[in-house]
Structures are given as structure tokens and as C-alpha cells.
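Analysis of the macromolecular model
What follows is each chain in one-letter form.
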Amino acid sequence: MYRSRTCGELRLEHAGEEVTLAGWVQRSRKMGGMTFIDLRDRYGITQLVFDESSDAELCGRANKLGREFVIQIVGTVNERYAKNDKMPTGEIEIIVKKLNILNASEVPPFTIEEDTDGGDDLRMKYRYLDIRRANVRANLELRHKFCLAVRHYLDEKGFMEIETPVLVGSTPEGARDFIVPSRMNPGQFYALPQSPQTLKQLLMVAGTDRYFQIVKCFRDEDLRADRQPEFTQIDCEMSFVEQDDILKLFEGMTKYLFKEVRGYDLGEAPFLRLPWSEAMRRFGSDKPDMRFGMEFVELMDILKGTGDFAVFNDAAYIGGICAEGCASYTRKQIDQLTDFVKSPQIGAKGLVYARIQEDGTVKSSVDKFYSPETLTAMAEKMNAKPGDLILIISGPDMMKARKQLCELRLEMGQRLGLRDKNKFALLWVVDFPMFEWSEEEGRLMAMHHPFTSPKPSDIAKLDTDPANVLADAYDMVCNGIEVGGGSIRIHDAVLQAKIFNVLGFTPERAQEQFGFLMNAFKYGAPPHGGLAYGLDRWVSLFAGLDSIRDCIAFPKNNSGRDVMLDAPSCVDPKQLDELYLDIKPTDK
Ligand code: ASP
């Protein structure tokens, strides 16, 4: 028997008990004739005591233990003289009688403690050591709990977890696929699924009624803090439902998860359902952070053409936000904000500001172009009070200018401490447009995906005005993060063919790529819809992490590399031969 107890469970009530423990040496201190060792396992840390005066040989061996040695001890639980109320086992210690070294360890490349001295790259290279740290492990435990709670909730609601294949066919819509060459079918490739979208729809045609899967998805995209080439979705689909049925069920699940896993009560009230166009108008974003206000106020009517300011006179959009109590911002602070909006990531041409002074008059960076009355009218429309600071962004492209103002709003929210990680603001964004124009492709693209149903009342517009067709699509948003999204699907082969037509597919190509789905629709497809949650995003939100990487056991870095496994890597020429593949020379 390696152990009778874990390193996290012994308390004062166990005093006198003889125990066997096993774990890693966290650290060791020698004080006079006593040696203290913190022994760690997944469950906690227990202090071991070796007393030179009672067993010099044993104590001598203990003194030679290095960090991360794996040991087993036998000893007696003893009440501590100096208690440590910061650790759950802080009232006891173990007086050790026997020590057995199970495995030695080299000096680890960084210390395995909460605040480690290891940089990101080093920690990723030795991720198995990083995961020994309590805070990293806690994230994985949270993830596990989250998944259990999801399975419990969905099972109760009649959902069945069904696995779908990982080797599927490549599809042209959406992100770039990861592809896998097929040895048995020379010159042909599988793709890894970007999501099981079409498969779960086929499961609805198959009559499974309520499906879910906690599933890996793969997208070959450029990476950011909240993106990984492989990530996990909680993927769900239901038959015989309307949008409202889906939103209600998953709102219920969200509230349950918050309560069970995060200990946070979201209350009884239904989530706000914000139409996409309103979200864009009020927050410049389809995933607004609603923990704070600072809503956009459009100022075109007041500032365009009423003064000598060419920038505003040429603008397609002028909008402002009001930062309460920020009129006292110094020149330097305003310059910082200006630099922020002009940075290449944001791309605004400049920032106009106006301070509302104590006497109610307006002092702005465009005073020389506008009459005091115009500026006062502007301040009134913004509902600004003495002491407030108005920040204005404009531009020739409305979407871009709104996006820039959105970034500024988030930055101000951050500066003013309004984006509290322990507060959660949830909503649905609904009524998305069906299509968006892609400059790159020179055609309309599906905003959600091509299987999304247009709103029934908009179907007639598909021929005449596709850009203004709305979809039965929805996203769940939490604290400015899209945590899930889905739609009611098309279940009619003719309508599905029509959508492919709008997307620029010839009937032949649509049949070639998506024939399997359209054919299935000919055999009695039920009305259906669903959504997928991003598991990694949820867990990092619950854990208050800045990056989803911290809740993934073995994540990839920003170049899509696993630095621990050193993958991707070159393969043996023989493997390439078997696959009939040649590698082209590259300068990368
Ligand atoms: N498959 C979709 C996605 O990955 C989600 C859905 O529509 O259910 O975004």
C-alpha cells in the first residue's frame, strides 16, 4: 500500500493516527535539530517533521531530499505547536518514523509554487510540472466539474451524448480546415471537424431528438489569447423547437452552471435579448460587455455640417461616449487615450474630447470649429453632467468607427474599474443578419453558417435584398465574450439549395460539397435548431483567467506549436511515400 491518506485530508481530529503518505517534496527547511518537509500531492500539502535527536540516520536521509523527490513516509499525526491557519492541514504535522524514496528528481526548471518563477515558454515546455502547481490544477478541476454539471443538466433534460467522427470531409465555408492525408485513398484527404454541425443535423434527421457532445473542434486560424487551433465545444441540437425553446433551455443551463460550479446566483429574470442591430448601435459590438453602461450616442445630427470641422463634415458616423467624472483627466491621460485609438490595432484617425466644466460650459478640442451652443446641445444629447468627459470617434466607414468607439468604451471601462471579474452580465444577441459582405471573397458569406434559417418573414427577400435578410441566429454573451452561439436550421432541401445559390455556389458544387445534407433533408427532416458553447471560454471566465490556455491541460502557443511535444514536426520520408506526398521547398 502506497498510502493510507492523502496530503490534503488530515485534521486535528486525526491526532495520534499512524498514517502512510506519498507525494512530492515541495520544500524542506532545517531548523536546529529538526527538519520540516512540505509534502504535496493533488489534494494538498502536509508538513512532515524529522527529529535528529530521535533518529539521526532518518533525519540525515531527509536532509538529502531535493525538491520534487517522490517519497513515501510512515508517521504519526501530531498537533502542531505553531499552527498555520492559511492551510487546511495547518493544525497538524506528521512525526515521521519511516522514509522511502520512490523516485529522485532533478532540480526543476522553475519552482512549483503558486507564484512560480517560470516564464510562459518554460512552463509550457514542462507543462507536467506546471500542472503540479495548485492554481493550474484548480483550473483543470473546475473544468472537470463544469463538464460533469453540463452532462448532469443535459441528461436530465433528455439529451443523449453521441460521438461524431474526427476524420470527416473538408468543407469550403467557415475557417481553414486542418487536413489529414489518407493512405488508403491516395491523393485524398480527410479534414478535422471545425464543429460537428452537419453531423448533428443528420442526427436530428435520424430522430435522436436531443443530442449533445463535449467535443474537440479544429480550426486552422491565426491565434489570439482566446483562440486555440483545437478547442472544446459543448455542442447541442434539438428537434421540434423554435428559437424561444432553445434560448429558454440554455438560459436554464447557464443559471444552473453558475450556481453549481461558480456559486453565483444569476437570479430569476430572463436574460436580455438584444437585437444585433441595436447591439451595434448602442455598443458597436455583437458581444457587448454589459457590466457597465457608457452607451454610444450618435452625434451626426448635431456635429455634421454645423461647424468648420472637415473630419466631422466628411464622416459617415460620429459617436460619443460619456465617461462620468473624468473631466479632470490630465493632458497626459487624454494623450494616452488618443494614442490608444490611433494604434494600428484600433486604427482611428484621432480622438475628439469635451470636458463639462463645473459651471456647465463645455471645453473641447474642437472649440474653434463649433459655437458654444452647438457644443452645449451635444453635451445635452449625451446626458453629460459637470465633471464628465465626452470622447468622440468619427470616420468615413460607420462599422469601422463604431468598432473603434467600442474599443475605447472597453478601455475606459477597464480604466474606471467597471469590468469586475467577479461580476457577470449575460445576454442573448438575436436577429443577426443572414449574410455579411466579404471584401476578400467579393461575395456574401454566411454570418453564422450556411445551414442557418432565415427568419420566415424574410425568405421572400432572399432574391431581392439578401443583404437585409435576418436570420434565426443567436449568441450568448457574457462580459463581452461570445460564450455560445447557434441558430434554427434550414430543414428544407429547396431552401438550403437557395442559400447556397445566394452564397455563390453553382448547383453542381453545392451538390458536390453538401449533397449528403440536402439529400438527407429529402427523407423527412424535422424542424431543428441548436447551439454550441465554447467550453474553454466558459471555464476561463469562471476561473477569472486572462487566457483560455490556462484551463487547457496541454495548450498550443501562439504559433500553434506544442512546445512540450515539439509538434508539429517533420515526418519520415517513408511516411510521406506511403501517402504519395512530396514536400515543396519553403523559406519559412
Ligand atoms: N456549429 C456552430 C459553431 O461551431 C454552432 C451551432 O450553430 O450550433 O459555431
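Whatever comes next refers back to the structure up there.
Described in the following lines is the structure provided in the data block. Being a predicted model, the structure only gives us computed values, none of them experimental.

So, on to the sheet that holds strand β6 (residues 160-161). A sheet is described by the order of its strands in space; here eight strands give the open sequence β6-β9-β10-β22-β21-β20-β17-β11, paired in mixed fashion. Looking along the sheet, the strands with just one partner apiece sit at the ends: β6 and β11 (272-275). Sitting on the sheet, helix α7 (residues 276-283) touches β11 and β17 (426-430), and the angle it makes with β11 is about 85°.

As a further point, take the packing of helix α4 (residues 134-156) against helix α6 (residues 243-262). In a pair of packed helices, the angle between the axes and the distance between the axes together describe the arrangement. Direction vectors running N to C along α4 and α6 enclose 140°, while the axes themselves pass 10 Å from each other. Taken together, the axes of α4 and α6 are oblique relative to one another. Viewed along their axes, α4 and α6 form a crossing whose handedness is right-handed. For the pair α4 and α6, the contacting residues are Leu142, Lys145, Phe146, Ala149, Val150, His152, Tyr153 and Leu154 in the first and Leu249, Phe250, Gly252, Met253, Tyr256, Leu257 and Val261 in the second. Looking at the contact of α4 with α6 residue by residue, the classes come out as twelve nonpolar, two polar and one charged.

Judged by pairing direction, the sheet is antiparallel, and its five strands sit side by side in the order β12-β13-β16-β14-β15 without closing on themselves. Every interior strand has two partners, whereas the edge strands, β12 (297-298) and β15 (362-364), have only one. As defined by bridge partners, strand β14 (residues 352-356) adjoins strand β16 (residues 389-395) across four bridges and the pair is classed as antiparallel. Across the sheet, the residue bridging to valine 352 is isoleucine 392, located in β16. Sheet strands touched by helix α11 (residues 372-381): β12, β14, β15 and β16. Its angle to β15, the strand with the most contacts, is close to 100°. Along the sheet, helix α12 (residues 398-415) contacts β13 (317-323) and β16; its crossing angle with β13, the most-contacted strand, is approximately 10°.

Here we take up the nonpolar core. Grouped together as the largest cluster of nonpolar side chains are 43 residues, with contacts concentrated most on Phe146, Leu154, Ile234, Phe250, Trp428 and Trp538. Broken down by element, the residue count for this core peaks at eight residues, all from α6. Setting aside chain neighbours within four positions, we find tryptophan 428 in contact with Leu247, Phe250, Glu251, Phe271, Leu272, Arg273, Leu274, Tyr474, Asp475, Met476 and Leu531. Counting residues in each nonpolar core, the second largest holds 33 residues, with Val205, Met434, Val469 and Ala493 among its members.

Take the pattern of salt bridges next. If you walk through the whole model with that rule in mind, you get 44 salt bridges. In this structure, glutamate 441 engages arginine 443 in a salt bridge whose closest nitrogen and oxygen atoms are separated by 3.6 Å. Through salt bridges with shared partners, a single ionic network connects Asp120, Arg123, Arg127, Asp130, Arg133 and Arg549.

Looking now at the side chain of glutamate 251. As for its placement among the helices and strands, glutamate 251 is situated in helix α6. Of the buried charged residues, glutamate 251 lacks a salt bridge, with lysine 255 as the closest side chain of opposite charge at 4.3 Å. Residues in contact with glutamate 251, not counting those within four places in the same chain, are Ala269, Pro270, Phe271, Arg273, Trp428 and Met476.

Conventions used here
Think of each chain on its own: its residues are numbered from 1, step by step along the sequence as written. In keeping with the model being predicted, local features are shown solely for residues with a pLDDT of at least 70 and side-chain atom pairs are shown and tallied solely at 80 or more, while totals for entire chains, interfaces and linings include all residues. Each side-chain value is worked out from all heavy atoms of the structure, with water and hydrogens disregarded. A pair of strands counts as paired when DSSP detects no fewer than two bridges linking them. Strands are runs of DSSP state E lasting at least two residues, helices are runs of H or I lasting at least four, and both sets are numbered from the N terminus onward. Any two residues whose heavy atoms approach within 4.5 Å at even a single point are treated as in contact. The angle between two axes is taken between their N-to-C directions and runs from 0 to 180 degrees, where each axis is a line fitted to C-alpha atoms and a helix contributes only its stretch in contact. To sort the angles, those under 35 degrees are grouped as roughly parallel, those over 145 as roughly antiparallel, those from 65 to 115 as roughly perpendicular, and the leftovers as oblique. Crossings are sorted by hand: turned counterclockwise from the far helix by less than a right angle, the near helix makes the crossing left-handed, and turned clockwise it makes it right-handed. Nonpolar residues are Ala, Val, Leu, Ile, Met, Phe, Trp, Tyr, Cys and Pro. Charged residues are Asp, Glu, Lys and Arg, and all others, Gly as well, are polar. Take the buried residues of types Ala, Val, Leu, Ile, Met, Phe, Trp, Tyr and Cys, join any two whose side-chain atoms come within 4.5 Å, and each joined set is a nonpolar core. Whether a residue is buried, partly exposed or exposed follows from its accessible area with a 1.4 Å probe, protein chains only, as a fraction of its type maximum: under 20%, in between, or over 50%, in that order. Within this document, salt bridges are pairs made up of a side-chain nitrogen of Lys or Arg and a carboxyl oxygen of Asp or Glu, the two lying within 4 Å of each other. None of His or the chain ends enter the tally, which takes Lys and Arg as positive and Asp and Glu as negative.

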